[in-house]
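Okay, here's what each chain looks like letter by letter:
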Amino acid sequence: MGVVIAALTKVLLVALVLPLAVSIMTWVERRGSGIIQMRLGPNRVGPFGVLQPVADGIQFFFKEDIVSPFVHKPTYLMAPAVAMMAAFIAFAVIPFGGTLTLTSGQQVKLVIADFDAGVLFLLAASSVGVYGVIMAGWSSNNKYAQLGGLRSSSQMISYELSFGLAVIAVAVLAGSLRPIAIVEAQAASWWYVVYMPVGALVLLISGFAETNRLPFDLPEAESELVAGYHTEYSSMKFALFFMAEYINMITSAALLVTLYLGGYSVPAFVSSSLGLEGNWLTFAQLIVFVLKVSFFMWLFVWVRWTLPRFRFDQLLQIGWKALIPLGFLNVIWAAVLVWLGWV
Amino acid sequence: MDALLTPACCVALAAITAVEAKLYIAGIVALVSGLVVVMHRNSVIGALFLVLNLLSVAVMFALLDAYFMAVLQVLIYAGAIVVLIIFVLMLLNVGREPRGGPGLGVRLMALLLGLAMVFALVRAVRSFTPGSEDGGVLTEGYGTVSQLGEALFNQYFYPFEVVSLALVAAMAGAVLLAKRYLED
């Protein structure tokens, strides 16, 4: 019974924290873009505009929900739900801390689902997420939306390959696809970014493309496609796509942190010099994990407001002709490292 | 409903385990969505139901403790291949299939091929003896990545390599066919 309650608590916690993080991110994004463009950004709602996400949320709820009469209704209504569901499911295998010991002596691992092919599960869930975009694009019965859906499907297929290759290299070094085992293997040696900087770079760039973030946000390039696949969506349906995109960003940052930057692990010399052990260590791990992910979330914002958008053919060229060969070289490099016994 | 059927039906329901019940549900979903794939006139809807079909097969793998297979089923078939199928359908703007359909010859051919397939499947199912090898007990580490990898690269090494070679040949052939007219 205790196991079930612990699992439900973890699910509920993650399901609450992710949307909260999304609302914080919308504020960070808008204030961050303000800083980068030397302007203020939203600063009227609450101190420094921190209540802006609340105002946005209320606005989303009370906007008129328009369903165009020309849409294919079942698909149109399901699309935002599919996008959101895939985004939530993907996060299930990310470990966000070590083991928590309850007063009853029960050990709780701070990960929702800990199983053998965990990293692949994340890839599978995020690859199902593309159906949200495709269904939205197709069912809207609108050329801009359809083009956005088309672009998105080809983009996701292309970058999934390099994404997978960067993951495989980590599996070669760690000898496992279980996220916790990968984190522990890194804690025992060095972070894998030290061994394979190229792999980390490939994963980072593919992460930008997989989450449709600028400079790769071609599926919703507003200068050509109005708003791309979600042109016909309004109110909370649009908000669901928006949230799914931000949750995908969080998952992708968390995956990069877990696979290449030591995940939640606190370096041994730090924990011993601070005398951290037991639940305090777990708490420190949680903070370390959140800090690392936050850094990458800021990087997402930073890049978005700094770089211009690529052309679509450039995007596919980068994917197929640069990232995939680099990914393969990185896998070979990982095999060489293991063969030489350096890891 | 026939009243005589009820007791037998209840006995049958009591005899199946929870896993079997879930397997039956997944199987029914797979069959129904498979039927929609072939029978729906809108090919994009058909392709979307193919995703549902593949997902329910993945659920069956997961229920049988083959988690790695389940994940691969979703990752490769649902996540990549059907995305490509839908991509092509959307690119060519394939709309609703017109009523009427193919002529008598094609229908006869389809019937013959379908019957041949049913015959082959029935033979395959009848020759299968369930749980004969180890009494249905799962071995340690069953369905894990490492065990599947070991089987693939030791026991089934040559078939695996032959299949990958065949796939590369097919891919090269497809590229050649697509590029043939561009060069002249």
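In this text, all values refer to a predicted model and were calculated from it rather than measured experimentally. (Residues numbered from 1 in each chain as written. Chains lettered and ligands numbered in written order. Predicted model: local features only at pLDDT ≥ 70, side-chain atom pairs only at ≥ 80, totals over all residues. Heavy atoms only, no water.)

A. Representation of the packing of aromatic side chains within the structure. Residues and elements named next belong to chain B. Per the counting criterion, the structure on display carries 13 aromatic pairs over all chains. Ring geometry for Phe-153 and Phe-160: centres 5.1 Å apart, planes at 70°, overall edge-to-face. A relative accessible area of 46% places Phe-153 in the partly exposed class. According to the relative accessible area criterion, Phe-160 is partly exposed, its value standing at 30%. (Phe/Tyr/Trp six-rings, centres within 6.5 Å; stacked < 30°, edge-to-face > 60°. Buried < 20%, exposed > 50% of the residue type's maximum accessible area, 1.4 Å probe, protein only.)

B. Main features of the interface of chain B and chain A. Between chain B and chain A, the residue contacts involve 24 residues of the former and 24 residues of the latter. For the pair chain B and chain A, the two sides together bury roughly 2,000 Å², of which 82% comes from carbon and sulfur. On inspection of chain B and its partner chain A, the count reaches 0 salt bridges. Linking chain B to chain A there are 2 residue pairs in polar contact (both at pLDDT 80 or more). Ranked by residues supplied to the side of chain B that touches chain A, first place goes to helix H4 (residues 67-91) of chain B with 16 residues. (Contact = heavy atoms within 4.5 Å. Buried area = accessible area lost by both parts, 1.4 Å probe. Salt bridge = Lys/Arg side-chain N within 4 Å of Asp/Glu carboxyl O. Polar contact = N/O pair within 3.5 Å; in protein donor to acceptor, adjacent residues only side chain to side chain. Helix = DSSP H or I, 4+ residues; strand = E, 2+ residues; numbered from the N terminus.)

C. Representation of unusual backbone geometry. All names here are of chain A. Backbone geometry at Asn-141 places phi at a positive 60°, although glycine is not the residue there. With respect to the helices and strands, the residue Asn-141 is situated in the loop between helix H4 (118-139) and helix H5 (143-174). A relative accessible area of 54% places Asn-141 in the exposed class. Phi at Asn-212 is positive, roughly 60°, even though this residue is not glycine.

D. Inspection of the nonpolar core at higher detail. Counting residues in hydrophobic clusters, the biggest one holds 113 residues, and the most contacted among them are A:Tyr131, A:Met196, A:Leu259 and A:Tyr260. Among residues more than four places away in sequence, those in contact with A:Met196 are A:Ala169, A:Val170, A:Leu173, A:Tyr260, A:Asn330, A:Trp333, A:Ala334 and A:Leu337. (Core = buried A, V, L, I, M, F, W, Y, C linked by side-chain atoms within 4.5 Å.)

E. Representation of the pattern of salt bridges within the structure. Residues and elements named next belong to chain A. By the definition in use, this model includes 7 salt bridges over all chains. Across the salt bridge formed by Arg-178 and Asp-114, the nearest N and O atoms sit 3.1 Å from each other. Of this pair, Arg-178 sits in the loop between H5 and helix H6 (179-188) while Asp-114 sits in the loop between strand S2 (107-109) and H4; the two residues are 64 residues apart in sequence, bridging distant segments of the chain. Salt-bridge contacts for Asp-313 lead to Arg-311; the nearest nitrogen and oxygen are separated by 2.9 Å. Bridged by salt links that share partners, the residues Glu-29, Arg-213 and Arg-304 form one connected network.

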